[in-house]
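One-letter residues, chain by chain:
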Amino acid sequence: MLRPSAKVLPEHARVHNRALVLQTLYRSGRQSRADVARGTGLTRVTVSDLVAELMADGLVVELGPREAAPSESVQRGKPAILLDIDRAAFHILGVDLGGDSAFRGALLDLGGRILHSSEVALEHATGAAAVDRVVDLVERLIEQATTPILGIGVGSPGVVDDSGTVLSAPNLSWSDEALQTRLSERFGLPVVVMNDANAAVLAEHSFGDAAADMMLVKVGHGVGSGLLLGGVQFFGSHSAAGEIGHVVVDPSGEACGCGRSGCLETWLAAPRLAARLKATTTSGARDAVLHDAGHRLGVVLAPIAGALDLAEIVLSGPVGYFGDALVAATAHTLAERTITGAGLALRVSELGDDIVLRGAAAAVLSKQLGFS
Ligand SMILES: [Zn+2]
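Since we're looking at a predicted model, the values are computed, not measured.

Enquirer: What's the story with the pattern of salt bridges in this structure? I'm lost.
Expert: Pairing between side chains of opposite charge can happen when the charged atoms of each approach one another. One pass over the structure, following the stated rule, counts 19 salt bridges. Arg347 is paired through a salt bridge with Glu204; the nearest N and O atoms lie 2.9 Å apart. Taken as a pair, Arg347 in strand S15 (residues 345-348) and Glu204 in helix H6 (residues 196-207) lie far apart in primary sequence, 143 residues in all. By relative accessible area, which is 24% here, Arg347 ends up partly exposed. A salt bridge links Arg276 to Glu254; its shortest N-O distance comes to 2.9 Å. With Arg276 in helix H8 (residues 270-278) and Glu254 in the loop between strand S13 (232-234) and helix H7 (265-268), this residue pair connects regions lying 22 residues apart in the sequence. By relative accessible area, which is 23% here, Arg276 ends up partly exposed. Each member of the salt-bridge network shares a partner with another, and the members are Arg14, Arg18, Asp49, Glu53 and Asp57.

Enquirer: Whenever I open this one, the layout of surface pockets confuses me. Can you help?
Expert: Unfilled space is identified by rolling a water-sized probe across the atoms. For the largest pocket, the calculated volume is near 870 Å³. Of the residues assigned to the lining of the largest pocket, the class counts are 15 nonpolar, 15 polar and seven charged. There is about 600 Å³ of room inside the second largest pocket. If you go around the second largest pocket, you meet 25 residues; those closest to its centre are Leu2, Val192, Met194, Gln233 and Phe235. Of all the elements in the fold, those that place two or more residues in the lining of the second largest pocket are strand S10 (191-195), H6, S13 and helix H11 (355-369). In the lining of the second largest pocket, the residues fall into 13 nonpolar, eight polar and four charged.

Enquirer: Could you clarify how one ought to interpret the sheet that holds S13 in this entry?
Expert: Within a sheet, each strand pairs with its neighbour through backbone hydrogen bonds, oriented either parallel or antiparallel. Strand order in this open sheet of five strands is S13-S12-S11-S14-S15, and the pairing throughout is mixed. Two strands lie at the open edges of the sheet, namely S13 and S15, each paired on one side alone. On average, each strand axis in the sheet is tilted by 25 degrees relative to the strand beside it, whichever way the strands run. As paired strands, strand S11 (residues 214-219) and strand S14 (residues 312-316) are joined by five bridges and run parallel to one another.

Enquirer: How do you make sense of the environment of His291 when you look at a structure like this?
Expert: Structurally, the position occupied by His291 is in helix H9 (residues 283-308). By relative accessible area, His291 is classed as partly exposed at 44%. Once you skip the residues sitting within four places of it in the chain, His291 turns out to touch Ala325 and Ala329.

Enquirer: Looking at this model, I keep getting lost on the coordination of the zinc ion. Mind explaining?
Expert: Reference values for angles at a metal are 109.5 degrees in the four-donor tetrahedral case and 90 or 180 degrees in the six-donor octahedral case. Here the zinc ion is held by His246 (ND1), Cys256 (SG), Cys258 (SG) and Cys263 (SG), and the distances to it run 2.0 to 2.3 Å. Each of the four donor atoms around the zinc ion contributes to a set of angles spanning 102 to 124 degrees, which defines the coordination as tetrahedral. If you list the donors of the zinc ion from N- to C-terminus, the spacing comes out as H-x9-C-x1-C-x4-C. Residue His246 is located in the loop between S13 and H7, and its partner Cys256 is located in the loop between S13 and H7; the two are separated by 10 residues in the primary sequence. Residue classification places His246 among the partly exposed residues on the basis of a relative accessible area of 31%.

Enquirer: What is the right way to look at the packing of aromatic side chains in this model?
Expert: Aromatic rings considered in pairs are described by the distance between their centres and by the relative angle of their planes. Scanning the model with the defined rule gives one aromatic pair in all. Cation over ring: Arg186 sits above Phe187, and NZ or CZ is 5.0 Å from the ring centre.

Enquirer: Help me understand the environment of Arg186, please; the structure alone is not making it clear to me.
Expert: As for its position among the elements, Arg186 is in helix H5 (residues 179-187). Sequence separation between Arg186 and Glu139 is 47 residues, and the spatial gap between their C-alpha atoms is 9.9 Å. Not counting residues up to four positions away in its chain, the partners in contact with Arg186 are Val135 and Glu139.

Enquirer: What is the right way to look at the sheet that holds strand S3 (residues 91-96) in this model?
Expert: The sheet built from five strands is open, its strands ordered S5-S4-S3-S6-S10 with mixed pairing. Two strands in the sheet have a free side with no partner beyond their single neighbour: strand S5 (114-121) and S10. Pairs of neighbouring strands in the sheet enclose a mean axial angle of 15 degrees, with direction left out of account. Note: S3 against strand S6 (residues 149-156), six bridges, orientation parallel. The partner of Ile92 across the bridge, within S6, is Gly151. Relative to the sheet, H6 contacts S6 and S10, its axis offset from that of S10 by approximately 105 degrees.

Thresholds applied
Residues numbered from 1 in each chain as written. Predicted model: local features only at pLDDT ≥ 70, side-chain atom pairs only at ≥ 80, totals over all residues. Heavy atoms only, no water. Salt bridge = Lys/Arg side-chain N within 4 Å of Asp/Glu carboxyl O. Helix = DSSP H or I, 4+ residues; strand = E, 2+ residues; numbered from the N terminus. Buried < 20%, exposed > 50% of the residue type's maximum accessible area, 1.4 Å probe, protein only. 1 Å grid on protein atoms, 1.4 Å probe; cavity = no way out; pocket = protein on both sides within 12 Å on 5 of 7 lines; lining within 4 Å. Points joined across faces, edges and corners; volume = space filled by probe spheres on them. Nonpolar A, V, L, I, M, F, W, Y, C, P; charged D, E, K, R; others polar. Pairing = 2+ DSSP bridges. Axes fitted to C-alpha atoms, helices over the stretch in contact; angles between N-to-C directions. Contact = heavy atoms within 4.5 Å. Donors = N, O, S within 2.8 Å, 3.2 Å for Na, K, Ca; no water. Tetrahedral: all angles 85-135°; square planar, octahedral: opposite > 155°, others 65-115°. Phe/Tyr/Trp six-rings, centres within 6.5 Å; stacked < 30°, edge-to-face > 60°. Lys NZ or Arg CZ within 6 Å of the ring centre and 35° of its normal.

Below, the structure written as structure tokens:
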């Protein structure tokens, strides 16, 4: 589970309840100890105890007494002290390896706000040379940190297993690259490496108000997606859930890098779409290219949305492609091909280019502190 939602007894209770208190403050902010007890179902004694521990760790701060409403001013007793998470207590280092020409990284606060960002040019580096660029970027960001770093989160293209090993990332010529182990040994910090679309799902979950049953489609150099089902991330039996880019939409389509023809990527990947749009001369022709790409996306998504009864599909990618023409065509095809299509929300993520950085940070938050 990404978010604790109820108390447990008794073996793991303390760790779980600590995360539950943090989760409540993270989502609701500015609450008294009594509010937290009510919200979590924990006793006031337990809450006071956990808050004392969290304050000693620097994670929770007292903001001061709650201002009493005029009608309460005659009540006796001290006003309750409001608590909140100290979002400046730690930095999180987030890295996005999905760029065409550069790796991007940032220092974020616990609220997911970007404080400082940096990038290293990729210059077509692959294999070990590409790993060196990641190390350079992380080193550079660590030098900029002014508070302790909670951990390093990395969103990588390709298939990544649950130990943070990149099983395959053809664009970087990585196979079985144990990036998580390598970075944690090198920097002595907790590290989470995950697929970039799965990181983007976490960003929508933590910072973008995602529904509990959602799919995020990420368009970039390729096309990938991530799934959140019943509020839990779904990775599949080969860590490759959401790999929709190489689903064949039309075998008579263009040749794809994977050896097949007519994969979704040949219509929708950013470089392919850019090339097609460049060849158009009228706005009508431009709309037709976007409509075609949107329709193909709808063809791939319809059976998934139908089978899983998703609440929403979120699109993320280069601004400008996801204009009205593409999104309208996808929505139209989904409505046409599924019985739930009319109730299925299709929207473009508002998290923009920072979605993977912020999702990688959310992964660290979830792994190290148990909330998101
Ligand atoms: Zn393909």
